[in-house]
Amino acid sequence: MLRIEAAEIIVVRLPLKFRFETSFGVQTEKVVPLLVLHGGGLQGLSEGTMEFAPMYREETIAGGLHLLKEVFLPRILGKTFANPEDLEAALGGFRGNKMARAMVEMAAWDLWARMLDVPLGTLLGGRKTEVEVGVSLGIQPDEAATVDVVRRHVEQGYRRIKLKIKPGWDIQPVRATREAFPDIRLTVDANSAYTLADTGRLRALDEFGLTYIEQPLAWDDLIDHATLQARLTTPLCLDESITTAQDARKGLALGAGGVINVKVARVGGHAEARRVHDISQAFGAPVWCGGMLESGVGRAHNIHLSTLPNFTLPGDTSSASRYWATDVINEPLEAVDGLMPVPTGPGIGVTLNREFVASIAELHEERTA
């Protein structure tokens, strides 16, 4: 049985090692909310992927922390659950706020796996001991800078290069990259920056042999994505549009895309992520694990999820040292020749660097029943 005895809420701020620009704007640091659930002398870890402002989805760090403290944790502290899916059901009556709910659910999965003394990936049904890794590259100042940063990551062995694009910065960097690297697996991500009025510009990307175009249109519009997909030969990949397995079913049934980006926090946790995986597999649509600039805690969760069989495209689980001078965990998460080893040991296989976390924590609260 899974008994939740206590919880810690920790917030840290990590400076990025590089300037990361997308169609949303520029990011130079990441505020990372962490959750630790205690039970049976063990600890389960998770990370929130909400942002300061509701740019990616509607959730924010401030809102998520409020829900954790005042709504979600009071419903589980001091209680016993049969398994993490039983705990998920205890939070099922609330609408939206998937990322905040995922913090509780994912920490419970980690705790449960540690109690059973098995890796989380194994518990979820995965079998891989390493997963293919791609890299997501922000918008660069010009084509030459784009080719240069792509070259560095190709030389590091990454199995897929993803370029962030936006209106006015799309065909130029993609053409320059494809001319310099005719054989690499190349994708682009628009983060909802386009409309159907831009169909001509998006159709021009067909000539570059992209594996997919990720979330070109509105985050909540599957209909326009289906219209656009019918006009393109390049598969569309749905990201922000998919928050449940039913979203995935509807999107694939509509023909709104042919690839699904699974972000475990975006869909509310591992149980729903596995359902998205299964439905996509039934449609013959490959999935891959997206990233939200996670620290080592979230990155380890992503790696374990990626061991499921339909994760057949490289995910955004690149080396942690790309992002952070010092991570919040003790164990290094480093890819070799485009392959990320799955952390061994029970649960997500990593532990908090308590000394470092304490030195940078902007918030550290303990809760008991």
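Since the model is a prediction, treat every value here as computed from it, not as a measurement.

The rules behind these values
- Residues numbered from 1 in each chain as written.
- Predicted model: local features only at pLDDT ≥ 70, side-chain atom pairs only at ≥ 80, totals over all residues.
- Heavy atoms only, no water.
- Pairing = 2+ DSSP bridges.
- Helix = DSSP H or I, 4+ residues; strand = E, 2+ residues; numbered from the N terminus.
- Core = buried A, V, L, I, M, F, W, Y, C linked by side-chain atoms within 4.5 Å.
- Buried < 20%, exposed > 50% of the residue type's maximum accessible area, 1.4 Å probe, protein only.
- Contact = heavy atoms within 4.5 Å.
- Right-handed = clockwise from strand over helix to strand, strands pointing away.
- Salt bridge = Lys/Arg side-chain N within 4 Å of Asp/Glu carboxyl O.

### Details of the sheet that holds strand β9 (residues 186-189)
Either a parallel or an antiparallel arrangement is found when strands of a sheet pair, and the pairing is made through backbone hydrogen bonds.
So, step 1. Taking strand neighbours across the sheet as the criterion, the seven strands line up as β7-β8-β9-β10-β11-β12-β13 in an open arrangement whose pairing is parallel. Each edge of the open sheet carries a strand with a single partner, namely β7 (135-137) and β13 (287-289).
So, step 2. Taken together, the two bridges between strand β11 (residues 236-238) and strand β12 (residues 259-262) define a ladder with parallel strand orientation. Along β12, the bridge assignment pairs L238 with I260.

### Points about the nonpolar core
So, step 1. In terms of nonpolar packing, the biggest core is built from 115 residues, with L35, L37 and L205 touching the most fellow members.
So, step 2. Per-element tally for this core: the top contributor is helix α3 (residues 98-116), with 12 residues.
So, step 3. With sequence-adjacent residues up to four places away left out, L35 is seen in contact with A7, E8, I9, G44, L45, S46, L68, L73, M103, V104 and A107.
So, step 4. Core analysis: the next-biggest nonpolar cluster, separate from the first, contains five residues, Y212, C237, V259 and W288 among them.

### As for the pairing of β12
So, step 1. The two faces of β12 match: V259 and N261 on one face and I260 and V262 on the other face are all buried.
So, step 2. Crossover β11 to β12 through helix α9 (residues 245-254) is right-handed.
So, step 3. The pairing of β12 with β13 spans three bridges and is classified as parallel. The residue bridging N261 from the neighbouring strand is W288, located in β13.

### A word on the pairing of strand β4 (residues 42-47)
So, step 1. The sheet contact formed by strand β3 (residues 25-39) and β4 spans six bridges and is antiparallel. From the neighbouring strand, G39 faces β4, where its bridge partner is L42.
So, step 2. Between the antiparallel neighbours β3 and β4 lie two residues, among them G40 with a positive phi of about 60 degrees.

### Quick word on the pattern of salt bridges
So, step 1. This model, assessed by the stated rule, comprises 22 salt bridges.
So, step 2. A salt bridge links E8 to R354, with the shortest nitrogen-to-oxygen separation between them at 2.8 Å. Placement of E8 in strand β2 (residues 6-22) and of R354 in helix α12 (residues 354-360) is noted, with a sequence separation of 346 residues between them.
So, step 3. On the accessibility criterion, R354 (31% relative accessible area) is partly exposed.
So, step 4. One salt bridge in this structure joins E365 and K69, with 3.3 Å as the shortest N-O distance. In this pair, E365 is assigned in strand β15 (residues 361-368) and K69 in helix α1 (residues 61-76), connecting sequence segments 296 residues apart.
So, step 5. A relative accessible area of 22% means that E365 is categorised as partly exposed.
So, step 6. Counted as one network, the salt bridges with shared partners bring together R160, K162, K164, D189, E214 and D316.

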